[in-house]
Amino acid sequence: MEGQTPGSRDLPEKSHPAAAAATLSSMGAVFILMKSALGAGLLNFPWAFSKAGGVVPAFLVELVSLVFLVSGLVILGYAAAVSGQATYQGVVRGLCGPAIGKLCEACFLVNLLMISVAFLRVIGDQLEKLCDSLLSGTPPAPQPWYTDQRFTLPLLSALVILPLSAPREIAFQKYTSILGTLAACYLALVITVQYYLWPQGLVRESHPSLSPASWTSVFSVFPTICFGFQCHEAAVSIYCSMHKRSLSHWALVSVLSLLACCLIYSLTGVYGFLTFGTEVSADILMSYPGNDMVIIVARVLFAVSIVTVYPIVLFLGRSVMQDFWRRSCLRGWGPRALADPSGLWVRMPLTVLWVTVTLAMVLFMPDLSEIVSIIGGISSFFIFIFPGLCLICAMGIEPIGPRVKCCLEVWGVVSVLVGTFIFGQSTVAAVWEMF
């Protein structure tokens, strides 16, 4: 790109990326990947099953997506080893050239910022619903000031989210990821059990639709599934933090992580849809009675789950700003004493800036379903398009047989085309709904 030929990019054949200390175990990598994927999209899966027209078409879309999702993770690990870079945007810049690298950085930053806004909105909604449930026994009256999101979200961000986001390395998130994954599993378990127990006060559709209204309705759920399984932005950072970085081992970690996520998402989607049918809310918990203690606990734990994934997103977004800071200092635009962007005096202001900006934005964004559509479209760049481009560019560097090279290049082209289709479809749908 930009006048470079594949042979002129002096890249190592199979060097380990220049990452920080490799302190992450395989199990820790699995949990961080799972927690990155088990975010706010879990609440939307029953709605996606309804929009697709039933269990069978939605499940088929999920399985087809899973092939590309696993492929994207494996390609990113391979590309990180080939390029010798330790961040997603660094891998794209190293393999595809500075022009596409800048596009990747811009999309990366916007996407992660919007995900952070969506997460804070979900946390705020769950806290608001929780306060309504706890105060439901009192006579109708104005809600106390301390239940307002404008108070609870900044307080939670200052006391919990900011300290969790401060560590320098992503490997630290393995501890909170275990807690967050278990909290997400509880939500899937509750939705499954509630379908069979049918507690008093639960109104559900007796005969939900089991066929899609049209083929376009099936394609329309791709953005929601992309948003649900969105862990590719963290893939390079996780891979570069692992003890064992062989491609086969990374492929095993990727497959196990996404299969476990697929099970949790499928249980939530199937039983949430079978319980409420076409009447299911975009936020599945909003469809249940607010005074059910099991649902109240699910709200608390799901809020905990989102709180634990927000620092992972912040870490990735901060890495883009740190790269920009490093390049600025090398060009003489900043103080050389602070040239190390991972230092405390650079890392913490960037962390505070990220939390502050997302808190300010959360009050002005549209409802969650529109945010998911927009994020799902942008996510196609990181799940399909950029990995496909990296695979195509890597074929000009790696000594591979002509048949294998041709097959991999074709797969890279297919990934780019599928990602372009999903981005176009979801963007047009989101704009259509907004207007």
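Above this text you will find the structure in question.
The rules behind these values
Residues numbered from 1 in each chain as written. Predicted model: local features only at pLDDT ≥ 70, side-chain atom pairs only at ≥ 80, totals over all residues. Heavy atoms only, no water. Patch = residues over 30% accessible without salt bridge, like charges linked within 9 Å, V, L, I, M, F, W, Y side chains within 5 Å. Areas by Shrake-Rupley, 256 points an atom, 1.4 Å probe, with all protein chains shown as cover. Salt bridge = Lys/Arg side-chain N within 4 Å of Asp/Glu carboxyl O. Helix = DSSP H or I, 4+ residues; strand = E, 2+ residues; numbered from the N terminus. Buried < 20%, exposed > 50% of the residue type's maximum accessible area, 1.4 Å probe, protein only. Core = buried A, V, L, I, M, F, W, Y, C linked by side-chain atoms within 4.5 Å. Contact = heavy atoms within 4.5 Å. Axes fitted to C-alpha atoms, helices over the stretch in contact; angles between N-to-C directions. Left-handed = near helix turned anticlockwise from the far one by under 90°. Nonpolar A, V, L, I, M, F, W, Y, C, P; charged D, E, K, R; others polar. 1 Å grid on protein atoms, 1.4 Å probe; cavity = no way out; pocket = protein on both sides within 12 Å on 5 of 7 lines; lining within 4 Å. Points joined across faces, edges and corners; volume = space filled by probe spheres on them. Phe/Tyr/Trp six-rings, centres within 6.5 Å; stacked < 30°, edge-to-face > 60°.

Novice: Teacher, can you tell me more about a nonpolar patch on the surface here?
Specialist: Nonpolar side chains collect at one region of the surface, where Trp145, Tyr146, Phe151, Leu155, Leu159 and Val160 lie side by side and expose about 630 Å² of accessible area between them. Inspection of the secondary structure puts Leu159 in helix 6 (residues 149-165). Residue classification places Leu159 among the exposed residues on the basis of a relative accessible area of 61%.

Novice: Is there a simple way to explain the nonpolar core in this structure?
Specialist: Generally speaking, nonpolar side chains in soluble globular proteins are found buried as a group. Ranked by size, the top nonpolar core spans 122 residues in total, and within it Tyr88, Phe119, Phe229, Ile238 and Phe382 carry the most contacts. Look past the residues within four positions of Phe229 in its chain and what remains in contact with it is Ala37, Phe45, Glu62, Leu66, Leu69, Leu258, Cys261, Cys262 and Tyr265.

Novice: Help me understand the packing of helix 3 (residues 55-83) against helix 4 (residues 88-96), please; the structure alone is not making it clear to me.
Specialist: Working note: a packed helix pair is described by the angle between its axes plus the distance between those axes. Two numbers describe how helix 3 lies on helix 4: the axes approach to 9 Å, and their chain directions differ by 65°. Viewed along their axes, helix 3 and helix 4 form a crossing whose handedness is left-handed. For the pair helix 3 and helix 4, contact is made by Leu76, Ala79, Ala80, Val82 and Ser83 and by Tyr88, Val91 and Leu95, respectively. Residue composition of the contact of helix 3 with helix 4, by class: seven nonpolar, one polar and no charged.

Novice: It is not clear to me how the layout of surface pockets should be interpreted in this structure. Could you clarify?
Specialist: Using a probe with the size of a water molecule, rolled over the atoms, empty space left in the structure can be pinpointed. Of the pockets and cavities examined, the second largest pocket occupies roughly 200 Å³. As for the second largest pocket, its lining consists of Ile123, Leu127, Leu130, Cys131, Thr152, Leu155, Leu156, Val300, Ala303, Val304 and Val307. Among the secondary structure elements, those contributing two or more residues to the lining of the second largest pocket are helix 5 (98-134), helix 6 and helix 12 (293-330). Along the lines of polarity and charge, the residues of the lining of the second largest pocket split into 10 nonpolar, one polar and no charged.

Novice: How should I be thinking about the packing of aromatic side chains in this particular structure?
Specialist: Two aromatic rings are characterised by how far apart their centres lie and by the angle between their planes. Throughout the structure, instances matching the rule amount to 18 aromatic pairs. Residues Phe108 and Phe382 carry aromatic rings whose centres are separated by 5.4 Å and whose planes lie at 70° to one another, so their mutual orientation is edge-to-face. In this pair, Phe108 is assigned in helix 5 and Phe382 in helix 14 (residues 368-394), connecting sequence segments 274 residues apart. Overall, Phe108 belongs to the buried group, its relative accessible area being 1%. For Phe382, a relative accessible area of 0% gives the class buried. With a centroid separation of 5.7 Å and 50° between ring planes, the pair formed by Phe382 and Phe386 is classed as tilted.

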